[in-house]
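Secondary and tertiary structure notes
One-letter residues, chain by chain:
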Protein chains: 2
Amino acid sequence: MADATNAKRNKVVPDIVVGRLPLYLRTLIRLEEEGKIVTSSQELATRLGFSSAQIRKDLSHFGEFGKQGTGYNIAYLMQQLKNILNLDAMWDVALVGVGDLGHALARYGRFVPKGFRIAALFDADPRKIGTRVNNIPVQNSEHIVDAIKQAGIKIAILAVPLDVAQDTADRLVEAGVQAILNYAPTTLIVPPNVKVQNIDPIAHLQKMTYYCER
Amino acid sequence: MADATNAKRNKVVPDIVVGRLPLYLRTLIRLEEEGKIVTSSQELATRLGFSSAQIRKDLSHFGEFGKQGTGYNIAYLMQQLKNILNLDAMWDVALVGVGDLGHALARYGRFVPKGFRIAALFDADPRKIGTRVNNIPVQNSEHIVDAIKQAGIKIAILAVPLDVAQDTADRLVEAGVQAILNYAPTTLIVPPNVKVQNIDPIAHLQKMTYYCER
DNA sequence: TAGATTGTTAATCGATTAACAATC
DNA sequence: TAGATTGTTAATCGATTAACAATC
């Protein structure tokens, strides 16, 4: 591929920069909803609480998307970011663990419009297996490796109890999963080619209480 | 207060360091559950995927907690970290928005053992007001400012729809909330003395798809 | 004692920002 | 044109790591 975006793909982009791209995308969508056609690094910066230099610098890792004196065409930059983040087509996602949290995630309406479809549910509880959540059948997690392989699923959300989290992650890796959104409060050990993002509300709260006064 | 921990409180600790303390605490709890009495920066580092130097350096911001040649007494370091993070007593938390996610959070069993008690629920939906979730009554969010003030609540979890997120945050701030765990996919604008932590599964997933191959 | 590990220093590494030429 | 804003460079800022004296 010969365009600027992909020409720069070979250089390593800092992970912290990649992590900000979804926030840029989110903000652009918002601006578009407000009827705006173009924006600037300054406007994005104000919305996000970043510096405008950071936004320009971040984007410069991937190409040139703006016009001097004018700024960025919102629709164009959105499309470019979606392309960079591999969001051009829908991703199928496996959700493992259909407890309260898994249930809420299975019904979460924002996944599909943002490019993610919960395509398979797994649980170990025989009472849940065979039931449906949001019209998706809950499968026996004993068959998780084959089922995920067969479906070609590359992304998983892990919402299982702590004590089976690492074991489940091992099986997801075995099944070819490349990205795990981990809700279990533990550091998963996975091969370097597998990405993990952790969501732990307790850790977030405990970070903030450092600054809190009673 | 005269101990080493608080003597160092005056110097500004980098926010990124504070954010790692809950992970240290989490790992120490795990080690204690495994029956260990002492640990080392190296052991913690291996569990967390950090460097041992980083762990020693991070802790050094707050005092001296280890013994050369021996390492750290787990119970002692746990207690110190809890003290540093203001986790010695239970924090009351207000949960705003009792949708699927709010419902799951209200029933989440890990808050209490980790020092957080969901003490009040709020929702704008008349059909939900007056009902109970996990035996906590859902209050009318019209009265949120007074109710939170009266209860002296300093921490809130925001699980409301995007379009009312900023407005709700404004009211939380007005009510004296110092920390907001924000599940709405937007950057909240709050005064500098109010801490916000964002949890957005979509942003996490989109960060990982950058590295994924179909 | 010998071995192990801390706490700290200094060096390294990486990220952010200020500034500005280019140019729309 | 005049004003605005980009993309990039270089400087600054901050975080991480290597190394080691101190010492348990």
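Note that this is a predicted model, so its numbers are computed, not measured.

**A short note on the overall build of chain A**
- Looking only at helices and strands, chain A features nine helices and 10 strands.
- For the C-alpha atoms alone, the extent of chain A along its principal axes is close to 60 × 55 × 35 Å.
- Taken across its 214 residues, chain A has 50% of its residues classed as buried.
- If you take every contact in chain A between residues at least 6 apart in sequence, the share linking residues at least 24 apart comes to 57%.
- Summing over all exposed atoms, chain A offers an accessible surface of approximately 10200 Å²; the carbon and sulfur share of this is 51%.
- For chain A, the distance from the average site of its 25 positive side-chain charges to the average site of its 21 negative ones is 7 Å.

**Thoughts on the interface of chain A and chain B**
- Contact with chain A, which involves 60 residues of that partner, is made by 60 residues of chain B.
- Where chain A abuts chain B, roughly 6200 Å² becomes buried across the two surfaces, and 62% of that area is made up of carbon and sulfur atoms.
- Linking chain A to chain B there are eight salt bridges.
- The shortest N-O distance in the salt bridge between Asp 200 of chain B and Arg 26 of chain A comes to 2.9 Å.
- Taken together, the links from chain A to chain B amount to 30 residue pairs in polar contact (both at pLDDT 80 or more).
- Of all elements in the fold, only helix H2 (15–33), helix H3 (41–48), helix H6 (100–106), strand E9 (179–182), strand E10 (195–198) and helix H9 (201–209) of chain A reach the threshold of two or more residues within the side of chain A that touches chain B.
- No other element matches H9 of chain A, which puts nine residues into the side of chain A that touches chain B.
- Classifying every residue of the side of chain A that touches chain B gives 35 nonpolar, 10 polar and 15 charged.

**Structural notes on the protein's contact with DNA strand C**
- Looking at DNA strand C, there are 25 residues lining it, with Ser 41, Arg 56, Phe 65, Gly 66 and Tyr 72 of chain B nearest.
- Taken together, the sugar and phosphate atoms account for 60% of what DNA strand C places within 4 Å of the protein.
- In the environment of DNA strand C, a base nitrogen lies 2.8 Å from a nitrogen or oxygen atom belonging to the side chain of Arg 56 of chain B.
- Contacts to DNA strand C include Gly 69 of chain B, whose backbone N or O atom sits 3.0 Å from a sugar or linking oxygen.
- Counting residues per element, the ones that place at least two in the surface near DNA strand C are H2 and helix H4 (52–60) of chain A together with helix H4 (52–60), strand E2 (66–67) and strand E3 (71–73) of chain B.
- With four residues, H4 of chain A is the largest single contributor of residues to the surface near DNA strand C.
- Looking at the surface near DNA strand C residue by residue, the classes come out as five nonpolar, 12 polar and eight charged.

**Some details on the domain arrangement of chain A**
- In terms of domain boundaries, chain A breaks down into domain 1 (4–84) and domain 2 (91–203).
- Taken over C-alpha atoms, the centre of domain 1 of chain A sits 30 Å from the centre of domain 2 of chain A.

**Thoughts on the sheet that holds E9 of chain A**
Residue and element names in this part refer to chain A.
- Spatially, the seven strands line up as an open sheet ordered E6-E7-E5-E4-E8-E9-E10, and their pairing is mixed. With one partner strand each, in any of the chains shown, strand E6 (132–133) and E10 form the two edges of the open sheet.
- With four bridges connecting them, strand E4 (residues 91–96) and strand E8 (residues 155–158) associate as parallel partners. Looking across to E8, one finds that Leu 95 is bridged to Ile 157.
- Running over the sheet, helix H8 (residues 162–174) touches E4, E8 and E9 and is turned about 170 degrees from E8.

**Quick notes on helix H7 (residues 144–151) of chain A**
All names here are of chain A.
- Regarding H7, the residues found buried are Ile 144, Val 145, Ala 147 and Ile 148.
- Lining the buried residues of H7 we find E4, strand E5 (116–123), strand E7 (136–140) and H8.
- Directly after H7, the chain includes Gly 152, whose backbone phi takes a positive value near 70 degrees.

**Re the protein's contact with DNA strand D**
- If you check the shell around DNA strand D, you find 24 residues, and the closest are Ser 41, Arg 56, Phe 65, Gly 66 and Tyr 72 of chain A.
- Contact distances for DNA strand D include 2.6 Å between a phosphate oxygen and a side-chain N or O atom of Ser 41 of chain A.
- Taking Gly 66 of chain A, its main chain carries an N or O atom lying 2.8 Å from a phosphate oxygen of DNA strand D.
- The element that contributes the greatest number of residues to the surface near DNA strand D is H4 of chain B, accounting for four residues.

The rules behind the values
Numbers given for residues are sequential positions, taken from 1 along each chain in its written order. Chains and ligands are labelled by the order in which they are written, letters from A for the one and numbers from 1 for the other. Local features in this predicted model are restricted to residues of pLDDT 70 or higher, and side-chain atom pairs are both shown and tallied only at a pLDDT of 80 or more, whereas totals for entire chains, interfaces and linings draw on every residue. Only hydrogens and water are set aside when side-chain values are computed; all heavy atoms of the structure are taken into account. Going along the chain from the N terminus, every DSSP run of H or I of four or more residues is numbered as a helix, and every run of E of two or more is numbered as a strand. Relative accessibility under 20% of the residue-type maximum defines a buried residue, over 50% an exposed one, and the middle range a partly exposed one, all with a 1.4 Å probe and only protein chains included. Contact definition: two residues touch when any of their heavy atoms are within 4.5 Å. The Shrake-Rupley method, run with a 1.4 Å probe sphere, supplies the accessible areas, and residue values consider only the shown protein chains as cover. Positive charges come from Lys and Arg alone, negative charges from Asp and Glu alone, with His and the N- and C-terminal ends not counted. Positions of charges follow a simple convention, taking NZ of Lys, CZ of Arg, CG of Asp or CD of Glu. Accessible area that two parts lose when put together, with a 1.4 Å probe and added across both, is what the buried area reports. Every case where a carboxyl oxygen of Asp or Glu lies within 4 Å of a side-chain nitrogen of Lys or Arg is listed as a salt bridge. Within 3.5 Å is the distance limit for a polar contact, defined as a pair of N or O atoms, with the added protein rule that one can donate a hydrogen and the other accept it, and that residues adjacent in sequence qualify only through two side-chain atoms. Amino acid classes used here: Ala, Val, Leu, Ile, Met, Phe, Trp, Tyr, Cys and Pro are nonpolar; Asp, Glu, Lys and Arg are charged; the rest, including Gly, are polar. Note on terminology: near, applied to a residue and a molecule or strand, indicates that one of the residue's heavy atoms is within 4 Å of it. Where each domain begins and ends is defined by an automated method or by a domain database. Pairing between strands is defined by DSSP: at least two bridges between them are needed. Every axis corresponds to a line fitted to the C-alpha atoms, with the helix fit spanning only the stretch in contact, and the corresponding angles, defined between N-to-C directions, vary from 0 to 180 degrees.

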